[in-house]
Every structure is written in structure tokens, then in C-alpha cells.
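# Coordinates in review
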Amino acid sequence: MIGNFIGVLFDGIAYGALLFLISVGLSVTMGMMNFVNLAHGAFAMVGGYVCVSLLSRLGLPFLATLPLAFIAAAVVGLVLERSLYRQLYKATHLDQVLFSIGLTFMAVAGATFLFGPTQQPVHLPDWLRGQVHVLGLDLGAYRLFLIAVVVLVTLGLYLLIERTRFGAQIRASVDNQTAAEGLGINVSRVFSLTFALGSGLAGLGGGLGIDVLGLDPSFPIKYMVYFLLVVAVGGAGSIKGPLIAALILGVFDVAGKYYVPEVGAFVIYTLMVVLLILFPFGLVRRKA
């Protein structure tokens with residue numbers, strides 16, 4: 001009984017860590033750049049398809065495909081931000097929602113045309129398969145690897161935002177664009193790089209999550225609500241809030257599907273309602 005509980009808890013943490021990795025970029029764009037980007041899942045899908053293509057067609061090692069998935073999604077995000085997204089920064093949130101949901105449907109149609117409607121297989125290396133014996137427990141090797149990657153990415157992202165000159169430029173540009181430009185900060189470039197970073201993190205999460213979440217053209221629509229839940233419950237514009245929210249939602253989602261499968265996904269939505277009533281502005285609010 002205790003072993004099953006720890007196993008469910010571990011799987012929930014791994015699932016939550018993956019949700020955080022994909023959702024943190026959406027938290028940045030919504031909270032810092034004030035842009036409602038419902039097409040965020042499409043960037044994760046780009047990373048996933050890049051990873052699968054490099055694995056199956058070019059035979060690259062799995063670890064080598066992950067940074068390339070990040071770069072590919074970041075480049076796509078940068079191009080779209082420069083050409084399309086920046087035209088809507090001052091538009092209403094309704095316009096942003098309509099634009100980004102339309103972009104999502106275009107991504108779904110494009111992926112279906114290029115790769116077909118079926119699930120994409122992923123072949124993990126032998127050292128990521130099977131179980132690892134830790135403190136008397138058998139834990140999934142891939143999920144341990146997933147948690148380790150997310151811990152490193154989270155630390156790196158925190159240091160980037162809070163401890164570097166570029167992070168200070170991001171915070172200054174978000175809080176007061178006019179003052180930031182007066183100080184010589186290229187706000188346009190900062191926003192472009194920030195959007196590319198968020199897109200790249202989504203692409204990395206999409207590549208890492210193929211074995212857990214699956215990958216097919218409906219991916220951006222299927223998981224759109226989950227990414228929004230993480231940001232809404234955790235608080236847009238922060239790192240700590242979405243991390244806590246993703247772990248809570250991941251654990252409860254896995255536990256709900258394991259212990260009460262007849263209820264299934266309704267557990268996570270019930271939890272969302274309770275958390276939003278208790279914390280209407282999110283678990284952690286970004287300091288202005």
C-alpha cells in the first residue's frame with residue numbers, strides 16, 4: 001500500500017515537472033508580456049516532432065535531439081513574434097485569443113498534413129528504460145531523468161531572470177517600457193528574446209514529454225487547458241507559482257486517475273476551482 005502511494009506520488013511529481021517545463025514559457029508571455037498565447041502548445045508540438053524526426057529519420061541520439069528541439073521551437077517562436085505576435089501586443093485580450101487559437105488550428109492542420117493523424121512512436125535509449133532501485137523502491141528511470149532535467153532548467157531559468165543583466169532588462173521592460181527605453185534598453189529585442197525563450201522551453205518539454213504525454217496533431221488542443229491551469233493557479237509572470245501549481249496538479253491528476261478512475265480528470269478541475277477560490281490571483285503573484 002505504501003509502495004503504491006509512493007509510486008503514484010513519484011509519477012505525479014514527474015508529470016507535474018513536465019507540465020511546468022512546458023507551461024513556464026506561457027507564464028512568462030502572459031504575466032510579463034501581457035499576451036494571451038493559446039498557441040503555446042503548438043511550440044511544444046514543434047519540439048516533439050523535431051525530436052521524433054531526428055530520432056527516426058537521422059538516427060541521432062535522444063539526448064542530442066533535446067537541445068535541437070529547444071532551438072527549433074525558439075526559432076519558430078522568434079520568427080512568429082517578429083512577424084505576427086508583436087502586431088497584437090496592444091490589442092485586446094479577445095483579439096489575442098482569437099489570433100492564437102486560429103494559429104493553433106493551423107498548426108494542427110499542418111502537422112496532420114506533414115506527419116499524419118497517428119501517434120508518433122519514440123524509441124528511448126536502453127539506459128532510460130526500466131526501473132531504478134532507490135531506497136528500496138523501484139522508480140522509473142525515464143521519470144527520474146525527467147525530474148532531474150526540470151530541476152536543472154528551473155535553476156537556470158531562475159538565475160537568468162533574477163541574477164543576470166538580461167533578466168533585469170526583462171523586468172524593467174515589463175514594468176515600464178517608456179522608462180526602460182529611456183535607459184537605453186532595446187525593449188523590442190528583449191521581448192523577442194523572451195518570447196523565443198518561452199517557446200524554446202515549450203519545445204524542450206514537448207520533446208521530453210513524448211513518452212509521457214504522447215504526440216499527435218491534436219496535442220496543442222488536448223493539453224491547452226492543462227497549461228492554462230498551471231499558469232492560472234500558480235500565478236502568471238512568476239516561476240515559483242507555476243512550479244508549485246504544476247506539482248500539485250500533477251500529483252492530484254495521477255492520484256485521481258489511479259485511485260478513482262471512474263472520476264478521472266474531474267479531480268484536477270475540482271482542485272482548480274478550490275485553489276482559485278482560495279487564491280484568486282494565483283499561488284504566487286509577480287512583484288511589480
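Residues numbered from 1 in each chain as written. Predicted model: local features only at pLDDT ≥ 70, side-chain atom pairs only at ≥ 80, totals over all residues. Heavy atoms only, no water.

Right, let's get into the overall build of the protein. In terms of helices and strands, the protein carries 13 helices and two strands. Its C-alpha atoms give the protein a radius of gyration of 19 Å, near enough to 19 Å, the size a compact globule of 288 residues would have. Along the first, second and third principal axes, the C-alpha atoms of the protein reach 60 × 50 × 35 Å. Taken over 288 residues, the protein has a buried fraction of 49%. In the protein, the share of contacts with a sequence separation of at least 24, taken over all contacts with a separation of at least 6, comes to 75%. Carbon and sulfur atoms make up 69% of the accessible area of the protein, which totals about 13,700 Å². (Helix = DSSP H or I, 4+ residues; strand = E, 2+ residues; numbered from the N terminus. Rg over C-alpha atoms; globule rule 2.2 N^0.38 Å. Buried < 20%, exposed > 50% of the residue type's maximum accessible area, 1.4 Å probe, protein only. Contact = heavy atoms within 4.5 Å. Areas by Shrake-Rupley, 256 points an atom, 1.4 Å probe, with all protein chains shown as cover.)

Turning our attention to a nonpolar patch on the surface. On the surface, a cluster of nonpolar side chains totalling about 920 Å² of accessible area is made up of Phe-5, Leu-9, Ile-13, Val-225, Leu-247, Tyr-258, Tyr-259, Val-260, Val-263, Phe-266 and Tyr-269. Contributions of two or more residues to the nonpolar patch are made by helix H1 (2-32), helix H12 (240-259) and helix H13 (266-278). Mapping Ile-13 onto the fold places it in helix H1. Residue classification places Ile-13 among the partly exposed residues on the basis of a relative accessible area of 32%. (Patch = residues over 30% accessible without salt bridge, like charges linked within 9 Å, V, L, I, M, F, W, Y side chains within 5 Å. Salt bridge = Lys/Arg side-chain N within 4 Å of Asp/Glu carboxyl O.)

Its place among the elements puts Thr-104 in helix H4 (residues 93-115). Discounting residues that sit within four places of it in the chain, Thr-104 has contacts with Leu-38, Ala-39, Pro-220, Ile-221 and Met-224.

Our focus in this paragraph is the packing of helix H11 (residues 224-234) against H13. Where H11 contacts H13, the axes come no closer than 10 Å and their chain directions differ by 25°. On the basis of the axis angle, H11 is roughly parallel to H13. As for how H11 packs across H13, the hand of that crossing is left-handed. Residues Val-225, Tyr-226, Leu-229, Ala-232 and Val-233 of H11 form the contact with H13, whose own contacting residues are Ile-268, Tyr-269, Met-272, Leu-275 and Leu-276. (Axes fitted to C-alpha atoms, helices over the stretch in contact; angles between N-to-C directions. Parallel < 35°, antiparallel > 145°, perpendicular 65-115°, else oblique. Left-handed = near helix turned anticlockwise from the far one by under 90°.)

Here we take up the UniProt feature "transmembrane region" (unreviewed entry) in the protein. This chain's UniProt record puts "transmembrane region" (unreviewed entry) on residues 6-28, 35-56, 62-85, 97-116, 141-161, 225-251 and 263-284. A distance of 36 Å separates the end C-alpha atoms of residues 35-56, which is 77% helix and 0% strand. This span, residues 225-251, is 81% helix and 0% strand, and a straight line between its end C-alpha atoms measures 17 Å. (UniProt positions renumbered as here; feature names shortened; annotations may be inferred.)

Once that is clear, we can look at the pattern of salt bridges. For the structure shown, the criterion picks out five salt bridges. With a shortest N-O distance of 3.6 Å, Glu-81 and Arg-86 are connected by a salt bridge. Its relative accessible area of 0% is what places Glu-81 among the buried residues. Here Lys-222 and Asp-216 are joined by a salt bridge, their closest N and O atoms 3.0 Å apart. The class for Asp-216 is buried, based on a relative accessible area of 7%.

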